[in-house]
Amino acid sequence: APTVKTNNGKVITRVLVGGYKNGDDSSNSNGEQYYYSSNVPLESPMSILHVTMEPYMNWSMVDIPPSFKTAIIYMRRGSVAINAAGGDNSDEYSSIS
């Protein structure tokens, strides 16, 4: 699976299915952000990402396709604040513990 390390390796994103374009610090020489994708064939548009973060780190995903209407977050430990920026509720935050 393609692996993206950001924030000096403190945030690791593995692209298990679909694609991922981060909003952090990895870009090419033209300043364009990289798009990472798995080669697993899909019948429906989706991304399944395995994200590992150290405490107090940020993670983001940009250019989410409009067909993506649902996000499922499974956490093994810790808590997180979620900002649905750019969506229908751009000022809405949720927290999960």
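Residues numbered from 1 in each chain as written. Predicted model: local features only at pLDDT ≥ 70, side-chain atom pairs only at ≥ 80, totals over all residues. Heavy atoms only, no water.

A separate point is the overall build of the protein chain. Assigned secondary structure in the protein chain consists of zero helices and seven strands. Sequence separation of at least 24 residues holds for 43% of the intrachain contacts in the protein chain that already meet a minimum separation of 6. Taken as a whole, the protein chain presents about 7500 Å² of accessible surface, with 48% of it coming from carbon and sulfur. (Helix = DSSP H or I, 4+ residues; strand = E, 2+ residues; numbered from the N terminus. Contact = heavy atoms within 4.5 Å. Areas by Shrake-Rupley, 256 points an atom, 1.4 Å probe, with all protein chains shown as cover.)

Within the element layout of this structure, Ser-38 appears in the loop between β4 (35-37) and β5 (48-53). In contact with Ser-38, not counting residues within four places along its chain, are Pro-2, Val-15, Leu-16, Val-17 and Gly-18.

Averaged over the protein chain, the pLDDT score is 77; the fraction of residues at 70 or greater is 74%. Averaged over each element, pLDDT in the protein chain is lowest for strand β7 (residues 93-96) (51) and highest for β5 (91). (pLDDT = per-residue confidence, 0-100.)

Turning to its location among the elements, Thr-13 is positioned in strand β2 (residues 11-17). Within the local environment of Thr-13, its side chain forms a polar contact with the side chain of Trp-59, the two groups lying 2.8 Å apart. (Polar contact = N/O pair within 3.5 Å; in protein donor to acceptor, adjacent residues only side chain to side chain.)

Scanning the model with the defined rule gives one aromatic pair in all. With centroids separated by 5.6 Å and ring planes inclined at 10°, the aromatic side chains of Tyr-20 and Trp-59 adopt a geometry described as stacked. Within this pair, whereas Tyr-20 is found in strand β3 (residues 19-21), its partner Trp-59 is found in the loop between β5 and β6 (80-83), the two being separated by 39 residues in sequence. Accessibility expressed as a relative area gives 0% for Tyr-20, which makes it buried. (Phe/Tyr/Trp six-rings, centres within 6.5 Å; stacked < 30°, edge-to-face > 60°. Buried < 20%, exposed > 50% of the residue type's maximum accessible area, 1.4 Å probe, protein only.)

Take the sheet that holds β2 next. Taken together, three strands build an open sheet; the order of strands is β1-β2-β5 and the sheet is antiparallel. Looking along the sheet, the strands with just one partner apiece sit at the ends: β1 (3-6) and β5. The mean angle between the axes of side-by-side strands here comes to 15°, regardless of whether they run parallel or antiparallel. Here six bridges tie β2 to β5, and the two strands are oriented antiparallel to one another. From the neighbouring strand, Val-11 faces β5, where its bridge partner is Met-53. (Pairing = 2+ DSSP bridges. Axes fitted to C-alpha atoms, helices over the stretch in contact; angles between N-to-C directions.)

Moving on, we come to the environment of Leu-16. Within the secondary structure, Leu-16 sits in strand β2. Among all residues touching Leu-16, those that are not within four sequence positions of it are Ala-1, Ser-38, Val-40, Ile-48 and His-50.

It is worth spelling out the environment of Leu-42 at this point. Counting through the fold element by element, Leu-42 comes out in the loop between β4 and β5. Residue classification places Leu-42 among the partly exposed residues on the basis of a relative accessible area of 36%. As for Leu-42 and Gly-18, which are separated by 24 residues in sequence, their C-alpha atoms are 7.6 Å apart. In contact with Leu-42, not counting residues within four places along its chain, are Val-17 and Gly-18.

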